[in-house]
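Listed below are the residues making up each chain.
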Amino acid sequence: MSFSAMGTLPTTQGKTIPDAWDYKGRPAERSKTGGWIAAAMILGGEVMERLTTLGIAVNLVTYLTGTMHLGNAVSANVVTNFLGTSFMLCLLGGFLADTFLGRYLNIAVFAAVQATGVTILTISTIIPSLHPPKCSEDHTAPCVQADSNQLTVLYLALYVTALGTGGLKSSVSGFGSDQFDDSDDEEKKGMIKFFDWFYFFVSIGSLAAVTALVYIQDNVGRIWGYGICACAIVFALVVFLLGTKKYRFKKPVGSPLTQIAEVVVAAWRKRHLQVPSDSSLLFDDDDGMLDESGKTKKQRLPHSEQFRFLDRAAIKDTENAGGITKKKKWYLTTLTDVEEVKQIVRMLPIWATTIMFWSIHAQMTTFSVSQATTMNCHIGSFEIPAASMTVFLIGTILLTVPFYDRFIAPVAKKVLKNPQGFTPLQRVGVGLVLSVISMVAAAVVELKRLRFAESHGFIDTPKAKMSLSVFWLVPQFFFVGSGEAFMYMGQLDFFLRECPKGMKTMSTGLFLSTLSLGFFFSSLLVTIVNKLTGPSQPWIADNLNRGRLHDFYWLLAILSAINVVIYLGCAKWYVYKEKRLAEQGIELEETDVATFHA
């Protein structure tokens, strides 16, 4: 594919797109490229990615404990580290797409990487030497844990898969939206519908993963389950490549991470200089506000008094820099660049206080599944796979979103006198409160499960199924699911709305990094708790019936409650960008508003 023509601006007369090219590097023709056919072929990649990642993650803890014979705490950490790495690598994928590869190549390369990882995982389930022997049925000999070589192959498969997931996820939604021209009214409507369908199909992929795929893994075999995942990604990659001639391509514009680094480095290099009291003396550049087509790519932002140490990046140091008065990387940046970085810094307290929610969420794919394996999972003669209990999580999300739109939002609009209903920060707050309730419910149910195990003689038979119904676990899935609906939409609204126009790709990165850090924090917390409680009275025991998992849930509830209090303080302190600019007589540009509503 040639991008040589991208260096020059295409001429447009309505038949071509002003800032898009076809696969040969020619101006993209509106009638022959982009649109719903192209978007659908891209969307399939995200559906298969979701099917694969979630299909592995939700049932991985049972594979680690049942096949690899690892302990509950170790297994939970493997799952959360896998998911955390997947989301964290979205930042790397986004950086590569924005700076070097472009979104098309990013999707193609990392889909192949993910397929490779899942293939290795499938092969590891086929070759007997890559997993330990089965436990003896009479329990006369202890189960043999997976050795270092077996774990090395497993971790290789998981983290190659995580690398592919991160690169693929970082570019799919962006490349899909590239297929619509937001300067055309009809295509802008198509872009908004694309985001709606994007969320819908991702949910369909998730449902298929936690129902059909988990059932196949448990009842037909892991070989078939993981093999289907590998085939699904390969199929999605083939379909994606077949659409090459239909796609619209856009030139990589550089990563916002580079801009942040430039401002910080420039400010540090000029740390000895005094910031002028008159902001008009700071450097700004009208040329830097425009893209190659002459459109405004950045909104000029007024100078703010917060974080003045960053203003040094825009000081024109003519005495010591050889008369530099034009933008120079790593030494002189524009005032608008500085203000955009300041805006990201303002968002960090909100960003940090949303991490705890995803630590709570991590328990739904780890310890909640471990609890389900000890309980009665039957509906009549049909036995629900333990990992399929997460269907209540996803189902709750899908029900909460329309319930909010139909019933809660109209009431909130009248009571709060806000055309949106709840503001993004209020939605996030509701999600955090529901996460506290979920852990209280989980602790209470675990106490009931332990008492049932003790009274019915199941204390020393961890692999035996109790008659206690698994549906006692539904409340914790319900509260986390409804909390996620509020949290997900609130975070997405907040980051899309508040990220500066020149750093829009940063919004997805900030959002996904909270998921990643939430999973990593869960791993850290499990490790600390395991060391502090020791082998004699472990909270997270290999035999859950002899552990104190309810105390771990209480700990999470307390930490989450403290986090809610801190969040409320941060949310009260935060001023929305729209309000802050309006107070200074500046309105959001129409494209910003359109992006927010999309």
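All values derive from a computational prediction rather than experimental measurement. Position numbers for residues start from 1 in each chain and track the written sequence from start to end. Totals for whole chains, interfaces and linings use every residue, but because this is a predicted model, local features are given only for residues with pLDDT of at least 70 and side-chain atom pairs only at 80 or more, for both listing and counting. Values reported for side chains reflect all heavy atoms of the structure, with hydrogen atoms and water molecules removed beforehand.

(A) Here's a closer look at the layout of surface pockets. Computed over the protein atoms alone on a 1 Å grid, cavities are sets of points where a 1.4 Å probe fits but cannot get out and pockets are open sets with protein on both sides within 12 Å along at least five of seven lines; a residue lines them when it has an atom within 4 Å of a point. Grid points are joined across faces, edges and corners, and a volume is the space filled by probe spheres set on the points. The computed volume of the second largest pocket comes to approximately 1,600 Å³. As for the second largest pocket, its lining consists of 45 residues, of which T62, T65, G66, T67 and K463 are closest to the centre. What counts as a helix is a DSSP run of H or I of at least four residues, what counts as a strand is a run of E of at least two, and both are numbered from the N terminus. Considering every element that reaches the lining of the second largest pocket, the biggest residue donor is helix 2 (residues 60-66), with 5 residues. Any residue outside Ala, Val, Leu, Ile, Met, Phe, Trp, Tyr, Cys, Pro, Asp, Glu, Lys and Arg is labelled polar, Gly included; the first ten of those are nonpolar and the last four are charged. Classifying every residue of the lining of the second largest pocket gives 16 nonpolar, 21 polar and 8 charged.

(B) Seen up close, the confidence of the model for the chain. Confidence of the predictor in every single residue is expressed as pLDDT, which spans 0 to 100. When pLDDT is averaged along the chain, the result is 85, and 90% of the positions lie at 70 or above. Highest mean pLDDT in the chain belongs to helix 16 (residues 549-573) (96); lowest belongs to helix 18 (residues 590-597) (42). We call two residues in contact when some of their heavy atoms are within 4.5 Å. With pLDDT under 50 throughout, residues 1-13 is counted as low confidence; its partners more than four residues away or in other chains account for 25 contacts. Contacts for the low-pLDDT stretch residues 590-598, under 50 throughout, to residues beyond four places or in other chains number 14 contacts.

(C) View of the environment of F200. Positionally, F200 belongs in helix 6 (residues 185-219). Sequence separation of F200 and L398 is 198 residues, and the distance between their C-alpha atoms is 8.7 Å.

(D) Representation of unusual backbone geometry. Phi angles above zero are rare outside glycine, and H69 is one such case at about 60°. Mapped onto the secondary structure, H69 falls in the loop between helix 2 and helix 3 (72-101). We note that F307 has phi near 50°; this positive angle belongs to a residue other than glycine. Turning to its location among the elements, F307 is positioned in the loop between helix 8 (256-269) and helix 9 (335-353). Under the scheme applied here, a residue whose accessible area is under 20% of the maximum for its type counts as buried, over 50% as exposed, and between as partly exposed, the area being computed with a 1.4 Å probe on protein chains only. In this structure F307 comes out as partly exposed when scored by relative accessible area, which is 24%.

(E) Seen up close, the packing of aromatic side chains. Pairing of aromatic rings covers Phe, Tyr and Trp, the last through its six-membered ring, and needs centres within 6.5 Å; plane angles under 30 degrees mean stacked, over 60 mean edge-to-face, and all others mean tilted. Tallied over the full model, the rule gives 26 aromatic pairs. Ring geometry for F175 versus F249: centroids 5.9 Å apart, planes at 40°, classification tilted. Of this pair, F175 sits in helix 5 (residues 148-177) while F249 sits in the loop between helix 7 (222-242) and helix 8; the two residues are 74 residues apart in sequence, bridging distant segments of the chain. For the pair Y404 and F422, a centre-to-centre distance of 6.0 Å together with 35° between the ring planes defines the contact as tilted. Of the two residues, Y404 is situated in helix 12 (residues 391-416) and F422 in the loop between helix 12 and helix 13 (424-455); the sequence distance between them amounts to 18 residues. The class for Y404 is buried, based on a relative accessible area of 4%. Counting every residue linked through ring pairs, the aromatic cluster contains Y104, F175, F240, Y247 and F249. Here, over-ring charges are defined by two tests on the NZ atom of lysine or the CZ atom of arginine: distance to the ring centre within 6 Å, and angle to the ring normal within 35 degrees. The ring centre of Y576 lies 4.5 Å from the NZ or CZ of R497, which sits over that ring.

(F) Spotlight on the pattern of salt bridges. In what follows, salt bridge is the name for a side-chain nitrogen of Lys or Arg lying within 4 Å of a carboxyl oxygen of Asp or Glu. Scanning the model with the defined rule gives 15 salt bridges in all. With a shortest N-O distance of 3.8 Å, E383 and K465 are connected by a salt bridge. Note that E383 is positioned in strand 4 (residues 382-383) and K465 in the loop between helix 13 and helix 14 (474-498), a separation of 82 residues in sequence. Between E498 and R497 there is a salt bridge, with its nearest N and O atoms 3.7 Å apart. Neither E498 nor R497 differs from the other in exposure class; each is buried. Linked by salt bridges that have partners in common, R30, D181, E187 and R248 make up one network.

(G) How the structure looks around the side chain of S170. Checked against the element boundaries, S170 lands in helix 5. Under the rule applied, a polar contact is a pair of N or O atoms within 3.5 Å (in protein, one hydrogen donor and one hydrogen acceptor; residues adjacent in sequence only if both atoms are side-chain atoms). Polar contacts involving the side chain of S170 include one to the main-chain amide nitrogen of G94, which spans 3.4 Å. Within polar-contact distance, the side chain of S170 engages the side chain of S171 at 3.4 Å. Setting aside residues no more than four positions away along its own chain, S170 makes contact with C90, G93, G94 and N106.

(H) Fine view of a nonpolar patch on the surface. Here, patches come from residues exposed beyond 30% relative accessible area and free of salt bridges, joined within 9 Å for like charges and within 5 Å for nonpolar side chains (Val, Leu, Ile, Met, Phe, Trp, Tyr). All accessible-area figures derive from a Shrake-Rupley calculation using a 1.4 Å probe, and residue coverage is judged against the displayed protein chains alone. A contiguous nonpolar patch, built from I123, I126, I127, V220, I223 and W224 and spanning about 560 Å² of accessible area, is present on the exposed surface. Secondary-structure elements contributing two or more residues to the nonpolar patch are helix 4 (103-126) and helix 7. Classification of W224 by relative accessible area gives exposed; the value is 56%.

(I) Quick look at empty space enclosed by the protein. Under the defined criterion, the tally for this structure stands at 2 cavities of 30 Å³ or more. Put simply, the largest cavity is a space of about 50 Å³. Lining of the largest cavity is provided by G45, I107, A111, L168, I233, A236, L237 and F240. Elements that contribute at least two residues to the lining of the largest cavity include exactly helix 4 and helix 7. For the lining of the largest cavity, the element with the highest residue contribution is helix 7, accounting for 4 residues. Residues that form the lining of the largest cavity fall into these classes: 7 nonpolar, 1 polar and no charged. Within this model, the second largest cavity holds a volume of roughly 40 Å³. For the lining of the second largest cavity, the elements supplying multiple residues, two or more each, are helix 9 and helix 17 (577-583). Partitioned by chemical class, the residues of the lining of the second largest cavity number 2 nonpolar, 1 polar and 4 charged.

(J) Structural detail: the state of the cysteines. A pair of cysteine sulfur atoms is labelled a disulfide when the two atoms are within 2.5 Å. This model, assessed by the stated rule, comprises 1 disulfide. Here C135 engages in a disulfide with C143; their sulfurs sit 1.9 Å apart. Judged by the sign of its S-S torsion, about 130°, the bond between C135 and C143 is right-handed. The exposure class of C135 is partly exposed, given its relative accessible area of 23%.

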